[in-house]
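Chain and residue survey
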Amino acid sequence: MTSARTALLANFRWHGGHADVWRVFADGDALASVVTGLADPWRGSAVSRVVGIESRGFLLGAAVAVSLGVGFVAVRKDGGLFPDATVTTEAEEDYRGLRHRLRMQAVLTPADRVLLVDDWAERGSQARAARYLVESTGATFLGISLLVDQLPAPVRSSLGRVTALVSADELGDPGA
Ligand SMILES: O=P(O)(O)OC[C@H]1O[C@H](OP(=O)(O)OP(=O)(O)O)[C@H](O)[C@@H]1O
């Protein structure tokens, strides 16, 4: 299998200054490689649940949860329905200047050890809000596994252990 870093760098594209991460998932070998690459650093960490943020975090988080043999818990952004009790928080502005109300079903327990999975973190606002939701249940937040790390250092240090396949500056010029 191609290495996760190689698969990501080979399949990622900029389009008009926007990052196209979805394209990476369209190739079966690349998808399998990046999922393995997200999961591998956490295999010895006794993760009991993976949490993923809508929407690319749903796709990657669920795949990583299967790879680690644990369950998946969704964090929804505005609008989507949840059929049972939720915990809620308002995230700080994201990389687009938007503020999202994040919601998570109240299924974690204080015994859970939680890994957050997402494709990209820039300001880290969604990740910090997800950490708050996890810890509000009494569960332990272990850290975050990312495809792309663009976090400012002080934010990264507030998110537990952070692993990533690449840093944003390895992806080249968005305007190229
Ligand atoms: O670090 P921050 O600046 O807070 O932003 C990070 C979030 O932004 C992206 O999601 P996006 O809003 O693009 O949603 P999508 O996955 O539905 O496209 C990414 O998947 C993270 O969830």
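Residues numbered from 1 in each chain as written. Predicted model: local features only at pLDDT ≥ 70, side-chain atom pairs only at ≥ 80, totals over all residues. Heavy atoms only, no water.

What about the pattern of salt bridges?
Pairing of side chains with opposite charge becomes possible as their charged atoms draw close. In total, this model carries 11 salt bridges according to the counting rule given. Residue R43 is joined to D40 by a salt bridge in which the shortest nitrogen-to-oxygen separation is 2.7 Å. The partly exposed category is assigned to D40, whose relative accessible area is 40%. The salt bridge partner of R76 is E54, with a shortest N-O separation of 3.2 Å. Linking R76 in strand β4 (residues 71–76) with E54 in the loop between β3 (49–53) and α4 (56–68), this pair joins segments that are 22 residues apart in sequence. Of the two residues examined, R76 and E54, each falls in the buried class. (Salt bridge = Lys/Arg side-chain N within 4 Å of Asp/Glu carboxyl O. Buried < 20%, exposed > 50% of the residue type's maximum accessible area, 1.4 Å probe, protein only. Helix = DSSP H or I, 4+ residues; strand = E, 2+ residues; numbered from the N terminus.)

Things to note about the site of the ligand
In the neighbourhood of the ligand, 15 residues make up the surrounding shell, with S55, Y95, D118, D119 and G124 lying closest. Here an oxygen atom of the ligand sits 3.0 Å away from a polar atom, N or O, in the side chain of R56. The side chain of Q126 places a nitrogen or oxygen atom 3.0 Å from an oxygen atom of the ligand. If the ligand stood free it would expose 510 Å²; the protein chains cover 89% of that surface. Counting only elements with at least two residues in the shell around the ligand, the list comes to β7 (113–121) and α5 (125–136). Per element, the largest residue contribution to the shell around the ligand is four residues, and it comes from β7. Residue composition of the shell around the ligand, by class: three nonpolar, four polar and eight charged. (Near = heavy atom within 4 Å. Polar contact = N/O pair within 3.5 Å; in protein donor to acceptor, adjacent residues only side chain to side chain. Areas by Shrake-Rupley, 256 points an atom, 1.4 Å probe, with all protein chains shown as cover. Nonpolar A, V, L, I, M, F, W, Y, C, P; charged D, E, K, R; others polar.)

Looking at unusual backbone geometry
With an omega of 0°, the peptide bond running from E54 to S55 counts as cis. Relative to the elements of secondary structure, S55 occurs in the loop between β3 and α4. Non-glycine residue A46 carries a positive phi angle of around 50°. Residue placement: A46 occurs in the loop between α3 (28–39) and β3.

Quick word on the packing of α3 against α4
For the pair α3 and α4, interaxial distance at closest approach is 9 Å and the crossing angle is 70°. The angle between the axes of α3 and α4 places the two elements in the roughly perpendicular class. α3 and α4 meet at a crossing whose hand is right-handed. Across the interface between the two elements, L31, V34, V35, L38 and A39 of α3 pack against L59, L60, A63, V64, S67 and L68 of α4. Across the contact of α3 with α4, the residue classes break down as 10 nonpolar, one polar and no charged. (Axes fitted to C-alpha atoms, helices over the stretch in contact; angles between N-to-C directions. Parallel < 35°, antiparallel > 145°, perpendicular 65-115°, else oblique. Left-handed = near helix turned anticlockwise from the far one by under 90°. Contact = heavy atoms within 4.5 Å.)

Here's the deal with the environment of T109
Along the polypeptide, T109 turns up in the loop between β6 (101–105) and β7. Under the relative-accessibility criterion, T109 is labelled partly exposed at 34%. Linking T109 and D27, residues 82 residues apart in sequence, is a C-alpha distance of 36 Å. Those residues within four positions of T109 in sequence are excluded, and the remaining contacts are T137, G138 and A139.

Some remarks on the packing of aromatic side chains
A full pass over the atoms with the stated rule returns five aromatic pairs. For the ring pair F12 and W14, a centre distance of 5.1 Å and an interplane angle of 90° mean the geometry is edge-to-face. Taking 6.1 Å as the distance between ring centres and 80° as the angle between the ring planes, the aromatic pair formed by F58 and F72 counts as edge-to-face. On the criterion of sequence distance, the pair formed by F58 in helix α4 and F72 in strand β4 is long-range, its members being 14 residues apart. One aromatic cluster is present, formed by F12, W14 and W120 through successive ring pairs. (Phe/Tyr/Trp six-rings, centres within 6.5 Å; stacked < 30°, edge-to-face > 60°.)

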